[in-house]
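Chains, contacts and geometry: an overview
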Amino acid sequence: MPKNSFFCQVLCQKKHNFYAGPSILSQYTLDKCVDAIRDFAGTGLSILEISHRSKEFQAVVDEAEALFKELLDIPEGYKVLFLGGGASTQFYMVPMNLLKTKAAYLDTGTWANKAIKEAKLIGDVEVVGSSKEDNYTYIPKGYKVPTDVDYFHITTNNTIYGTEIREDYDVPVRMVADMSSDIFSRPVDVSKYDLIYGGAQKNIAPAGVTFVIVKEDVLGQVDRVLPTMVNYKTHVDKGSMFNTPPVFPIYAALQTLKWYKELGGVKELQRIDEEKAAYLYDAIDSSKMFVGTVKPEDRSIMNVCFVMKPEYKELEKDFLDFAGTKGIVGIKGHRSVGGYRASLYNALPLESVKVLVDAMKEFEKNH
Ligand SMILES: *Cc1c(COP(=O)(O)O)cnc(C)c1O
């Protein structure tokens, strides 16, 4: 890329991007997107102006679904959909399609709460566990999932509070999971879930596309009338092409999936992610100034939340400014936690985590 080009000004500057979402994309993904904006698949057209019905774009959707299945080892009988509307649309699409009488939900944070609120509009909801009383600093345990519910809904990674469920639960009912912010950070036993969904803007693509992994034989079992766009079957039957899908974000998603495969797949991504998280958590745990906000056993490896210890509270803003001088962006914590949140999504290199840790140490030494 010519050093003085517009895209280079946008893409070549060295920032360490810790934003929680939309978030960092790999250089591989960005380069492929830039190429396809100029000329997509030798068509002489930009990916931004191509028909979604063209054979070149159909090939993109087909390959993206195939790679999703390959990387996550998705069993037979599941479809991968690429839809609009964000994960938030899934908060009501899931109960509309799957909730006959009652569903169980685990309340682990802001997003879980929003999912619960929507499900309650549609049927009975039993919240089987909640850590709300302690500002969501841990994942509830020891609760019972009733056997008479249609599904049990979990949010595997709590992007705002920095807790994570890094296992596939064994429960007596089928599960639905919002994996918006930790998909592709570990192998998942997809067979334990009826449906997995997420916004792609955390670990896959720019904003605009939502992935849904759905077991086909759980569809078509509710009696309620479903508007066409709300019915998963519409999208399953038309291969995500019932209406115009988010063409460009799907293209970007495919590039990221290719990059994941080149890197060595989900097990390798897990190894890298856990190494990055351990590097930062170790620095927090050995600091006299910073302290983590959640129970160590429930810590997220994707979103690391930490604050200044009470005796240093007045330096909170100063550290943000100091980090900014090192090219570190996006570490201001969500308002419901305060302090800092460093999101360590797959595309963030270990090098950036090291820059952050060095900045923490330098700041600590200066004060
Ligand atoms: C970001 C996020 C959402 C919301 O996604 P939208 O695509 O903005 O609707 C939902 N759940 C989790 C866990 C998230 O991190």
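Everything that follows concerns the structure shown earlier in this document.
One structure accompanies this document, and this report is about it.

Calculation criteria
Residues numbered from 1 in each chain as written. Predicted model: local features only at pLDDT ≥ 70, side-chain atom pairs only at ≥ 80, totals over all residues. Heavy atoms only, no water. Helix = DSSP H or I, 4+ residues; strand = E, 2+ residues; numbered from the N terminus. Rg over C-alpha atoms; globule rule 2.2 N^0.38 Å. Buried < 20%, exposed > 50% of the residue type's maximum accessible area, 1.4 Å probe, protein only. Contact = heavy atoms within 4.5 Å. Areas by Shrake-Rupley, 256 points an atom, 1.4 Å probe, with all protein chains shown as cover. Lys, Arg positive; Asp, Glu negative; His and termini not counted. Charge placed at Lys NZ, Arg CZ, Asp CG, Glu CD. Pairing = 2+ DSSP bridges. Near = heavy atom within 4 Å. Polar contact = N/O pair within 3.5 Å; in protein donor to acceptor, adjacent residues only side chain to side chain. 1 Å grid on protein atoms, 1.4 Å probe; cavity = no way out; pocket = protein on both sides within 12 Å on 5 of 7 lines; lining within 4 Å. Sits in = over half its atoms within 2 Å of the grid points. Nonpolar A, V, L, I, M, F, W, Y, C, P; charged D, E, K, R; others polar. Phe/Tyr/Trp six-rings, centres within 6.5 Å; stacked < 30°, edge-to-face > 60°. Points joined across faces, edges and corners; volume = space filled by probe spheres on them.

1. Details of the overall build of the chain
Scanning the chain from N- to C-terminus turns up ten helices and 14 strands. Expected size for 367 residues packed as a compact globule is a radius of gyration near 21 Å; at 21 Å, the chain falls within 12% of this value. For the C-alpha atoms alone, the extent of the chain along its principal axes is close to 65 × 55 × 30 Å. Expressed as a percentage of the 367 residues in the chain, the buried residues total 55%. Residue pairs in contact within the chain that sit at least 24 positions apart in sequence constitute 66% of those at least 6 positions apart. For the chain, the accessible area works out to roughly 15,900 Å², and carbon and sulfur atoms hold 51% of it. In the chain, 44 side chains carry a positive charge and 49 a negative one; their mean positions are 3 Å apart.

2. Focus on the pairing of strand β9 (residues 193-199)
With seven of seven residues buried, β9 is to be regarded as a mostly interior element. In this sheet, β9 lies alongside strand β8 (residues 175-178) in parallel orientation, the contact comprising four bridges. In the sheet register, Ala-177 faces β9, and the bridge partner there is Ile-196. Bridge count between β9 and strand β10 (residues 210-215): five bridges; the pairing is antiparallel.

3. Points about the site of the ligand
Within the structure, the ligand sits among 13 residues, and Ser-88, Thr-159, Asp-178, Gln-201 and Lys-202 are positioned closest to it. Taking Ala-87, its main chain carries an N or O atom lying 3.0 Å from an oxygen atom of the ligand. Here the ligand, which alone exposes 390 Å², has 87% of that area covered by the protein. With respect to the detected pockets, the ligand is housed in the second largest pocket. Each residue belonging to the shell around the ligand can be placed in one class, and the counts come to three nonpolar, eight polar and two charged.

4. A few points about the packing of aromatic side chains
Taken as a whole and judged by the stated rule, the model has 18 aromatic pairs. Judged by centre distance (5.6 Å) and plane angle (90°), the rings of Phe-40 and Tyr-251 are edge-to-face. Taken together, the residues Phe-40 in the loop between α2 (27-38) and α3 (55-72) and Tyr-251 in helix α7 (residues 247-263) connect sequence positions 211 residues apart. In this structure Phe-40 comes out as buried when scored by relative accessible area, which is 2%. Exposure remark for Tyr-251: the relative accessible area of 11% places this residue in the buried category. Here Phe-319 and Phe-363 contribute two aromatic rings whose centre-to-centre distance is 5.2 Å and whose plane-to-plane angle is 65°, an arrangement assigned as edge-to-face. Of this pair, Phe-319 sits in helix α9 (residues 316-325) while Phe-363 sits in helix α10 (residues 350-366), placing them 44 residues apart in sequence. Grouping residues by exposure puts Phe-319 and Phe-363 together as buried.

5. Some details on the layout of surface pockets
What the second largest pocket holds in volume is close to 300 Å³. Lining the second largest pocket are 19 residues, and of these Gly-21, Trp-111, Thr-159, Gln-201 and Lys-202 lie nearest its centre. Taken together, the residues that form the lining of the second largest pocket break down as six nonpolar, ten polar and three charged.

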